[in-house]
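For reference, the chains in residue letters:
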Amino acid sequence: MRVYSLDTQLDKVTGVEKVMLDIHHAVKDEYDAKIVGTIPFDGIREEHHIQQDEYIKFISAALLNVVLVIGVYFLDKKTRFKNLKRIYKELIIGALFGCSAIYASLFGVKIWGATMNVRDASPISAGLIFGPVAGIVSGFIGGGFRALTVLWNPDSAFTAVACSLSTFLAGVIAAVLRKFMFDDKKAGWAPAIGIALVLEVFHMLMIFFTNMDDAVRAFEFVKVCTLPMVLGNGLAVGIAVL
């Protein structure tokens, strides 16, 4: 079998996708060659053509998580909400933070059909601050919604498995840690941030390891999204816990 390979710095060559396809079409009759995947040049440039309003949406989702925490505390102190049984409180809180996770899924920084977001902060906050049931319910709603986004946004399928599973597990892990590590009490500021950072790194690894058949695209996505998503989710949880 005769094969050829092309190795180039994609983010430094203008029109690289066209070049690769031209080479492929020129030699495909002489070589057993196949283009297994391409990334549009505009999708991997350093600036990624991300608009300022997308960053504002990203930050607004993080702030919503904090506002919800304040709102729930107010309800529990000033309204009849405080008279509900704990299980009902946590179910309601889980649903609220699940909606926050959905908001983060819808309003983030879009890259290659996926969305760079702070969705995981919602189930983590719910689980660590308000209780295990709240965390699991929030993670289930947020992760379930992320899985369903492929129905109207097929491009999001690339990270669907990793993102939906990571969000659900974020809620479950936060619930387990609160129950067994923090004696069913609210986690402290430093541990909460640490947990959020570790879970978000796990999220990034999941994206890479569930897309090994297109490792180049997965690596580029993880390279771009890791820092803002790790810091964004960490800060959203850290501020909420204060």
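Novice: I'm lost on the overall build of the protein chain in this one. Help?
Specialist: Scanning the protein chain for helices and strands turns up nine helices and two strands. N-terminal to C-terminal, the α/β element order of the protein chain is α-α-α-α-β-β-α-α-α-α-α. Within the protein chain, the proportion of its 242 residues that are buried is 44%. For the protein chain, the share of sequence-separated contacts (at least 6 apart) that also reach a separation of at least 24 residues comes to 75%. Put simply, the protein chain shows about 12900 Å² of open surface, and 66% of that area lies on carbon and sulfur atoms.

Novice: I'm lost on the nonpolar core in this one. Help?
Specialist: Soluble globular proteins tend to bury their nonpolar side chains together. In this structure, F97, L128 and F130 are the most contacted members of the largest nonpolar core, which totals 45 residues. Those elements giving two or more residues to this core turn out to be α3 (52-78), α4 (86-106), β1 (109-111), α5 (121-130), α7 (157-180), α8 (189-209) and α9 (215-241). Per element, the largest residue contribution to this core is nine residues, and it comes from α9. Aside from chain neighbours lying at most four places away, what touches L128 is A174, R178, F182, K185, K186, A187, A192 and I195.

Novice: Would you mind showing me how to read the packing of aromatic side chains here?
Specialist: Going through the model one piece at a time under the given rule, you end up with five aromatic pairs. Taking the centre distance of 4.7 Å and the plane angle of 40° together, the rings of Y103 and F107 count as tilted. Residue classification places F107 among the partly exposed positions, given a relative accessible area of 31%. Ring geometry for F208 and F209: centres 5.6 Å apart, planes at 75°, overall edge-to-face.

Novice: For this particular structure, what's the right way to read the environment of V72?
Specialist: Within the secondary structure, V72 sits in helix α3. According to the relative accessible area criterion, V72 is buried, its value standing at 3%. Once the C-alpha coordinates of V72 and K89 are considered, the two residues, 17 residues apart in sequence, prove to be 9.6 Å apart. Not counting the four nearest positions on each side in its chain, V72 is found in contact with F81, I93, L96, F97 and F130.

Novice: Looking at this model, I keep getting lost on helix α6 (residues 132-148). Mind explaining?
Specialist: What sets the pattern is the α-helix's 3.6 residues per turn: residues three or four places apart point alike. Taking 1.5 Å per residue as the helical rise, α6 with its 17 residues ought to reach 24 Å, and the 24 Å between its terminal C-alpha atoms agrees with that figure. Taken together, the buried positions of α6 are P132, A134, G135, S138, G139, G142, G143, F145 and R146. Contacts from the buried residues of α6 go to α4, α5 and α7.

Rules used throughout
- Residues numbered from 1 in each chain as written.
- Predicted model: local features only at pLDDT ≥ 70, side-chain atom pairs only at ≥ 80, totals over all residues.
- Heavy atoms only, no water.
- Helix = DSSP H or I, 4+ residues; strand = E, 2+ residues; numbered from the N terminus.
- Buried < 20%, exposed > 50% of the residue type's maximum accessible area, 1.4 Å probe, protein only.
- Contact = heavy atoms within 4.5 Å.
- Areas by Shrake-Rupley, 256 points an atom, 1.4 Å probe, with all protein chains shown as cover.
- Core = buried A, V, L, I, M, F, W, Y, C linked by side-chain atoms within 4.5 Å.
- Phe/Tyr/Trp six-rings, centres within 6.5 Å; stacked < 30°, edge-to-face > 60°.
- Expected span 1.5 Å × (residues − 1).

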